[in-house]
Amino acid sequence: MTADVETPPSPSIAPVPLPERLDTATVEVLKGLVEQAEATDCALDASGVAYIGGLCLQVLLASGRPLVAPSEKVREAFALFGVSEFLSEPPTSSSELSV
Amino acid sequence: MTEKKILRVLTIDDSRTMQGMLRKALEEAGYDVIQGGDGIEGIEVLESADPPPNVIITDINMPRMDGFGVIEAVRKMPAFKHLPIIVLTTESDPEKKARARAAGATGWIIKPFSSDSLVAAIRRVTA
Amino acid sequence: MDDILQIFFQECDEQLQELERGLSALSDGESEHETVNAVFRAVHSIKGGAASFGLDNLVRFAHVFENSLDGLRSGRFAPTHDVVKVFLKAMDVLSDLVNEARGGATVDSARVAESHAELADISGTGSNQNASQAATTEDVIPADFSPVPMDFEPVPADFEPVPFDFDFGEEEAPPAAASLLVTFRPHDALYERGDDARNILIGLADLARECDGEILTTCDRSALPPLADLLPDKSYLSWQVVLPPAVSEDNANAVFDWISEDCDFSIVREGAEAAAPQEPTIEQPEPAEVVAVIPPVEDHEAPPPAPTPSVAHPVQILSPLPAPATPDAHPGPSPAGSAASSTANGAAQTAARKPEQASIRVDLHRIDDLMDLVGELVIAQAAIESLSRRTDAAGQHELVQSISSMQSLTRDIQDAVMAVRAQPVRAVFQRMQRVVREASSMTHKDIVLTLEGEDTEVDRTLVEKLTDPLTHMLRNAVDHGIESPEARIAAGKPAEGHIVLSAEHRSGRILITIKDDGAGINRQRVFETAVKRGVIPADAVLSDDEVNNLIFMPGFSTAAQVSNLSGRGVGMDVVKQAIQSLGSRITISSIPGKGTTFGFSLPLTLAILDGMLISASGSTMVIPISSVIETMIVNQSDVYALPDGSNVISIRGDCMPLIPLATVLKLSNSPPPDSLDASVILVVENESGARAALIVDEIRDQTQVVIKSIESNYRQIFGVSAATILGDGSVSLILDVSALVASAIGHIDIKPSNIRAELAA
């Protein structure tokens, strides 16, 4: 099933659920998931995430995919890393980041 | 806040006293504890653990395989090369510390430890 | 906490044993690296545990000891005779300090100080260039090694954060006026060692929280490539963190202490010049970019409890073992397959004088074996149950078969349980090193104790009961057996005396011998002393063995001057009783000028034995199978009458006394029949190989019996070691073969050299 790249993240396509622990050991897996999300232009479901490490944060920040329903833990982690605005601001569909 | 995941700690020490203390302190702090009686056994426990531990606490001075051996072995295992390893020992000399660091230890804590300092050290590498 | 303390003390005992073993090996000239390591580890481990419990005295001494051993380990000095001697002495002090910590007697501080000084001396003299340094470090416990008693208060949800220097000890610096600016960029290596930028941030946040402040964190993403170009293992981000003024540079530095090589960082007091120039710093983003305020982190505390206990390797069985006062209540050990004891003389009827350790360590595989067998037992029981409902002949036959396989299973389980209770005699033997060491230093003799067969296993209740008698016997050997160095040299012997303590399996029993190379028993003096003390009349005519055995008479002491070692009211008579209560008797053999050997044998178990059911004069009795060599029918032409009315029988050229059992036990008043032709005899042997032939009416069966003490229920009877209850409910006596053989060869002296030793009863 392939979605049209033109449309913004549509509710019809389920967001890609992310693993619970995004630690160093998971970074390759996460990169794969994010690339898949980018290919299908869907969001990332961060509701089940309890831990985010530095390397996984890089992947999330580099992709710019929107995080859906971030858990409390995710909000805390982003605050800790000093990147809270990345959660609150609706990200652009482009993968370029506005700093 | 969703339900918290229970973190699993593997402790490797040849002293049953120390193992008892670690277990007690860690379980009271809510961790799931698995243990190995020396380096060799520790690695065996690690390999067969399901789920795998989130952090290893290892003694340095042990028969059969010492703590340096444990760190080196774990760092060579693809599944665990990033696993935090805290070295726990009474040895406080800088040379040992440097060796443990070079081998790839994530942290260092000195025996005797207080319950709080132990938990804090684990938190530091797993929280 | 108490349970861990118990484990600690238990482990101390093991470590002290390990230490003893290692030091013994060193004194034997072995200097393997692993031996030295093991010795070091033992002390190290005791120190570590003691520190956790705040046992200051123990920690302090163990620390000095450990330092000295480290000198040995690192080759600063060699394990010379004198060095090992100091270590041995220190080990005794350490052992006493452990005992003190356990609530035992307080250790004389002068002794501790003396040993302390000797240890410091060793490491001091060992290296010239390090002498002064060693001397100072020896005495001073490093600041980071003050004992921290572990308190197990439940960790409060908002527990006090600890600065993340893994050394935990620094105090906060006085508040400074300006905020602290920390910038850092982790290297890839930081992640490779399992660490994370996140951990650094948490460390810094905790520092701030300690001062009731918060951190302002800015993330610099300028180096971050688009996802397509991103290498997942590479570190791209860097951070700037503003810490409250109250946070000291030192504490901030400590966060990076462990990882200083895996992370570029700088710590600068705002407004001040670079206060702590570290590595070349990264470009600092302007503070204006601050976008996130970290609230005090709340749910980084530990996850909820759900412990799943894991199985540690040697399984700890922590169940109180029954006191040995009821010997029939528990099975004893016997290495699988081997027969049980011969004379379990009144199986351990003496009540325990001191509390025995209530737990044992057992190899996991022994428990597993037992578990397997129990599993089979359950299956066998189910089979019998279903077979018992069948009424046909085939069913009956199978039932009989099942029951017999159940029998062998029961026996296997019995063996397995015994194996669980079996322990090597090492623990007790090694304790004897100290006994000899102390005794020889009190008597100013130089004596080496050699241990043999320490791995021999025996029921744990027996192991523990060996301590007291062995202690007395060894003290006796040091005090009376080995001569003074001058006397030894005069006699052309080396000044250093030797004692060998050995254990070995011998015909279903454990033979323990204590052999010294001293002067041997001075029978003349023993005799004179016994006369002087009124133990025997002056005109008594005694054989050499009878004289030897006089030393076991109550109140006997041969030392010309009562030394403060043996002359403390505990004589060899007590030893004899103790050994007897273990179902054995002491044998002595002594060669003038060459030395004395004490020996005694122990049953493997105090509870069960394999016996042969015989009858004599209408009574059914049990003879331990382990002492039966063969059974046969007498041919009258092999029997020779002796002038005293007794008979000997020649079996394949071997002469041995014939014992008419019924007569000897006074079961029948009628004199033995004139012709012994066609009588049934059992050739029996005692533990040292002396044989006799027992005449019985009939051999009935072979069976396993549970030993019941006859002494605790009635009194000691000649020729009987214990009683048992047979399958039909009748009470039967178990014969004491050793006593029967001894009494027979007491009458008929056929093998003087060999049998002398048997006259201990």
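This structure is a prediction, so every number in the text was calculated from the model and none was measured.

## Here's the deal with the overall build of chain C
Reasoning step 1: What chain C contains, in helices and strands, is 20 helices and 25 strands.
Reasoning step 2: Residues classed as buried in chain C amount to 42% of the 761 residues present.
Reasoning step 3: Taking the intrachain contacts of chain C between residues at least 6 apart in sequence as the baseline, contacts between residues at least 24 apart amount to 73%.

## Thoughts on the overall build of chain A
Reasoning step 1: On a plain count of helices and strands, chain A comes out with four helices and five strands.
Reasoning step 2: A separation threshold of at least 6 residues defines the contact pool for chain A, and within that pool the share at least 24 residues apart is 67%.

## Looking at the packing of helix H12 (residues 426–442) of chain C against helix H13 (residues 460–481) of chain C
Residue and element names in this part refer to chain C.
Reasoning step 1: Running from N to C, H12 and H13 cross one another at 30 degrees; their axes reach a closest spacing of 9 Å. Of the possible angle classes, the one that applies to H12 and H13 is roughly parallel. When you trace H12 past H13, the crossing you get is right-handed. Taking contact as the criterion, the partners of Ala427, Val428, Arg431, Met432, Val435, Val436, Ala439 and Ser440 in H12 are, on H13, Val463, Leu466, Thr467, Leu470, Thr471, Leu474, Arg475, Val478 and Asp479.
Reasoning step 2: Within the contact of H12 with H13, the residues separate by chemical class into eleven nonpolar, three polar and three charged.

## As for the interface of chain C and chain A
Reasoning step 1: The partner chain A presents 24 residues to the 28 residues of chain C that form the contact.
Reasoning step 2: Going through the elements one at a time, helix H8 (197–210) and strand S2 (216–220) of chain C are the ones with two or more residues in the side of chain C that touches chain A.
Reasoning step 3: The residue inventory of the side of chain C that touches chain A, partitioned by class, reads 21 nonpolar, three polar and four charged.

## Some remarks on helix H4 (residues 81–101) of chain C
Residues and elements named next belong to chain C.
Reasoning step 1: When the terminal C-alpha atoms of H4 are compared, their 30 Å separation across 21 residues agrees well with the 30 Å that a helix rising 1.5 Å per residue should span.
Reasoning step 2: Three or more residues of H4 are buried, namely Val83, Phe87, Ala90, Met91, Val93, Leu94, Ser95, Leu97, Val98 and Ala101.
Reasoning step 3: Gly103 sits one or two residues past H4 and shows a positive phi near 105 degrees.

## Comments concerning the sheet that holds strand S3 (residues 44–45) of chain A
All names here are of chain A.
Reasoning step 1: The parallel open sheet is built from three strands, whose spatial order is S1-S3-S5. A strand with exactly one partner marks an edge of an open sheet, and here the two such strands are strand S1 (16–17) and strand S5 (67–68).
Reasoning step 2: Of the pairings in the sheet, the one linking S3 to S5 comprises two bridges and is parallel in character. Opposite Asp45, over in S5, you have Val68 as the bridge partner.

## Some details on the UniProt feature "modified residue: Phosphohistidine" (unreviewed entry) in chain C
Reasoning step 1: Those places that UniProt annotates as "modified residue: Phosphohistidine" (unreviewed entry) correspond, in this numbering, to C:His44.
Reasoning step 2: Following the sequence through the fold, C:His44 ends up in helix H2 (residues 33–52).

## Concerning the sheet that holds strand S21 (residues 680–685) of chain C
By way of backbone hydrogen bonds, the strands of a sheet pair with one another, either parallel or antiparallel.
Residues and elements named next belong to chain C.
Reasoning step 1: One open sheet accounts for six strands, arranged S17-S21-S22-S20-S19-S18; its pairing is mixed. If you trace the sheet from one side to the other, it starts and ends with strand S17 (628–633) and strand S18 (639–641), each paired once. The sheet shows a mean angle of 30 degrees between the axes of neighbouring strands, taken without regard to direction.
Reasoning step 2: Bridge count for S18 against strand S19 (residues 647–651) is three bridges, and the pairing is antiparallel. Within S19, the position partnered with Ala641 by the bridge is Asn647.

## A look at unusual backbone geometry
Reasoning step 1: For the peptide bond that leads from B:Asp50 to B:Pro51, omega is 0 degrees, which places it in the cis range.
Reasoning step 2: Within the secondary structure, B:Pro51 sits in the loop between helix H2 (39–48) and strand S3 (55–58).
Reasoning step 3: One non-glycine residue, C:Ser617, adopts positive backbone phi at about 50 degrees.
Reasoning step 4: Topologically, C:Ser617 is positioned in the loop between strand S15 (608–616) and strand S16 (619–624).

## What about the nonpolar core?
Reasoning step 1: Ranked by size, the top nonpolar core spans 148 residues in total, and within it B:Ile86, C:Leu94, C:Val182, C:Leu201, C:Leu204 and C:Leu243 carry the most contacts.
Reasoning step 2: Ranked by residue count, the leading element in this core is H4(C), at nine residues.
Reasoning step 3: Split by domain, this core shows at least three residues from each of two domains, domain 1 (2–145) and domain 2 (180–293) of chain C.
Reasoning step 4: Look past the residues within four positions of C:Val182 in its chain and what remains in contact with it is C:Leu204, C:Val241, C:Leu243, C:Ala252, C:Phe265 and C:Ile267.
Reasoning step 5: By size, the runner-up hydrophobic cluster in this structure holds 49 residues, among which are C:Ala419, C:Val458, C:Val478 and C:Leu582.

## Considering the pairing of strand S1 (residues 180–186) of chain C
Residues and elements named next belong to chain C.
Reasoning step 1: Counting buried positions along S1 gives seven out of seven residues, so the element sits mostly inside the fold.
Reasoning step 2: What you see with S1 is no split at all: Leu180, Val182, Phe184 and Pro186 on one side and Leu181, Thr183 and Arg185 on the other are buried throughout.
Reasoning step 3: Pairing geometry for S1 and strand S3 (residues 238–243), over five bridges, is antiparallel. Residue pairing in the sheet places Leu180 in a bridge with Leu243 of S3.
Reasoning step 4: For S1 and strand S4 (residues 263–269), the ladder comprises seven bridges, and the chain directions are antiparallel. Bridge assignment links Leu181 to a residue of S4, and that residue is Val268.

## A word on the environment of C:Asp677
Residue and element names in this part refer to chain C.
Reasoning step 1: Locating Asp677 in the fold gives a position in the loop between helix H18 (661–664) and S21.
Reasoning step 2: Spatially, the C-alpha atoms of Asp677 and Gln636 are 4.6 Å apart, while their sequence positions differ by 41 residues.
Reasoning step 3: Apart from the residues lying within four places of it in its own chain, the contact partners of Asp677 are Val634 and Gln636.

## Re the pairing of S3(C)
If a strand is regular, its side chains alternate between the two faces of the sheet.
Reasoning step 1: In terms of residue burial, S3(C) counts as a mostly covered element, since six of its six residues are buried.
Reasoning step 2: Residue alternation in S3(C) divides its side chains into two sets, C:Ser238, C:Gln240 and C:Val242 and C:Trp239, C:Val241 and C:Leu243, and both sets are buried.

## Side note on the confidence of the model for chain A
Residue and element names in this part refer to chain A.
Reasoning step 1: Across chain A, the average pLDDT comes to 73, with 75% of residues at or above 70.
Reasoning step 2: Overall, residues 1–11 carries pLDDT values under 50, and its contacts beyond four positions in sequence, including any with other chains, amount to nine contacts.
Reasoning step 3: Counting contacts from residues 89–99, a segment whose pLDDT is below 50, to residues more than four positions away or on other chains yields twelve contacts.

## With respect to the packing of H2(C) against helix H3 (residues 56–73) of chain C
All names here are of chain C.
Reasoning step 1: Running from N to C, H2 and H3 point in directions that differ by 155 degrees, and their axes come no closer than 9 Å. Relative to H3, the element H2 lies roughly antiparallel. Judged by the twist between their axes, the crossing of H2 over H3 is left-handed. Mapping the contact onto sequence places Val36, Asn37, Val39, Phe40, Val43, His44, Ile46, Lys47, Ala50 and Ala51 in H2 and Leu58, Val59, Ala62, His63, Phe65, Glu66, Leu69, Asp70, Leu72 and Arg73 in H3.
Reasoning step 2: Here the residues of the contact of H2 with H3 sort into 13 nonpolar, three polar and four charged.

Calculation criteria
- Residues numbered from 1 in each chain as written.
- Chains lettered and ligands numbered in written order.
- Predicted model: local features only at pLDDT ≥ 70, side-chain atom pairs only at ≥ 80, totals over all residues.
- Helix = DSSP H or I, 4+ residues; strand = E, 2+ residues; numbered from the N terminus.
- Buried ≥ 20, exposed ≤ 12 C-beta atoms within 10 Å, placed from the backbone.
- Contact = placed C-beta atoms within 7 Å.
- Axes fitted to C-alpha atoms, helices over the stretch in contact; angles between N-to-C directions.
- Parallel < 35°, antiparallel > 145°, perpendicular 65-115°, else oblique.
- Left-handed = near helix turned anticlockwise from the far one by under 90°.
- Nonpolar A, V, L, I, M, F, W, Y, C, P; charged D, E, K, R; others polar.
- Expected span 1.5 Å × (residues − 1).
- Pairing = 2+ DSSP bridges.
- UniProt positions renumbered as here; feature names shortened; annotations may be inferred.
- Core = buried A, V, L, I, M, F, W, Y, C linked by C-beta atoms within 7 Å.
- Domains from an automatic or database assignment.
- pLDDT = per-residue confidence, 0-100.

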